[in-house]
Amino acid sequence: MTVYIDPPNWPGHGRMWSHMVSDVSYDELHAFAALIGAPPRAFDGDHYDVPSERYADAVAAGAVEIGSKELVRLLKESGLRRPKRRASP
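Residues numbered from 1 in each chain as written. Predicted model: local features only at pLDDT ≥ 70, side-chain atom pairs only at ≥ 80, totals over all residues. Heavy atoms only, no water.

Trainee: Would you take a moment to explain the overall build of the protein chain for this structure?
Mentor: For the protein chain, the helix and strand inventory stands at three helices and five strands. Along the protein chain, from the amino end to the carboxyl end, the secondary structure elements read β-β-β-α-β-α-β-α. Taking all 89 residues of the protein chain together, 37% fall into the buried category. The long-range fraction of contacts in the protein chain, counting pairs at least 24 apart against all pairs at least 6 apart in sequence, stands at 61%. Accessible area for the protein chain stands at about 5500 Å²; split by element, carbon and sulfur atoms hold 55% of it. (Helix = DSSP H or I, 4+ residues; strand = E, 2+ residues; numbered from the N terminus. Buried < 20%, exposed > 50% of the residue type's maximum accessible area, 1.4 Å probe, protein only. Contact = heavy atoms within 4.5 Å. Areas by Shrake-Rupley, 256 points an atom, 1.4 Å probe, with all protein chains shown as cover.)

Written out as structure tokens, the structure is:
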């Protein structure tokens, strides 16, 4: 099982966030998220949003730290990347 996480560089809702992905399956990603206590609402289509204060917990549980560009590359190569939904005009 390999789950990847990028640094908490993404601002939102008064916090900084990381993205956590699997390059194998969503089942693997959901299982890992449950292991670290990430709520289902943190799943955003193809990744989990992880607040900066939970980053160390994810790494301690086995998430592999990688850069954001590498994370997106792995996600695309795995075939698990889902395009963002566009808001209706």
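Trainee: Can you walk me through the packing of aromatic side chains in this structure?
Mentor: What characterises a pair of aromatic rings is the spacing of the ring centres plus the angle enclosed by the ring planes. Inspection of every chain in the model, using the stated rule, returns two aromatic pairs. Both rings, one in tyrosine 26 and one in phenylalanine 43, keep their centres 6.1 Å apart while their planes meet at 80°; by these two values the pair is edge-to-face. Highlighted residues: tyrosine 26 in helix H1 (residues 26–35) and phenylalanine 43 in the loop between H1 and strand S4 (48–51), separated in sequence by 17 residues. Its relative accessible area of 17% is what places tyrosine 26 among the buried residues. (Phe/Tyr/Trp six-rings, centres within 6.5 Å; stacked < 30°, edge-to-face > 60°.)

Trainee: Mind showing me how you'd approach the layout of surface pockets here?
Mentor: The rolling of a water-molecule-sized probe over the atoms marks out the regions of remaining empty space. Reported here for the largest pocket is a volume of approximately 160 Å³. Along the wall of the largest pocket there are 12 residues; nearest its centre are His19, His47, Leu71, Val72 and Arg81. Ranked by residue count, the leading element in the lining of the largest pocket is helix H3 (residues 68–78), at five residues. Of the residues contributing to the lining of the largest pocket, the split by class is four nonpolar, three polar and five charged. (1 Å grid on protein atoms, 1.4 Å probe; cavity = no way out; pocket = protein on both sides within 12 Å on 5 of 7 lines; lining within 4 Å. Points joined across faces, edges and corners; volume = space filled by probe spheres on them. Nonpolar A, V, L, I, M, F, W, Y, C, P; charged D, E, K, R; others polar.)

Trainee: Help me understand unusual backbone geometry, please; the structure alone is not making it clear to me.
Mentor: Peptide bonds are trans in most cases, and residues, glycine excluded, mostly fall at negative phi. The phi angle at histidine 13 is positive, at roughly 55°, despite the residue not being glycine. Residue position: histidine 13 is located in the loop between strand S2 (10–12) and strand S3 (15–22). For histidine 13, a relative accessible area of 81% corresponds to the exposed category.

Trainee: What should I look at first to understand the pattern of salt bridges in this one?
Mentor: For side chains bearing opposite charge, pairing can occur when the charged atoms are close. In the structure shown here, the tally under the stated rule is four salt bridges. Of the charged contacts, one joins aspartate 57 and arginine 54 as a salt bridge, the two residues approaching to 2.9 Å between their closest N and O atoms. Placement of both aspartate 57 and arginine 54 in helix H2 (residues 52–60) is noted, with a separation of three residues, approximately one turn of the helix. With relative accessibility at 37%, the residue aspartate 57 sits in the partly exposed group. (Salt bridge = Lys/Arg side-chain N within 4 Å of Asp/Glu carboxyl O.)

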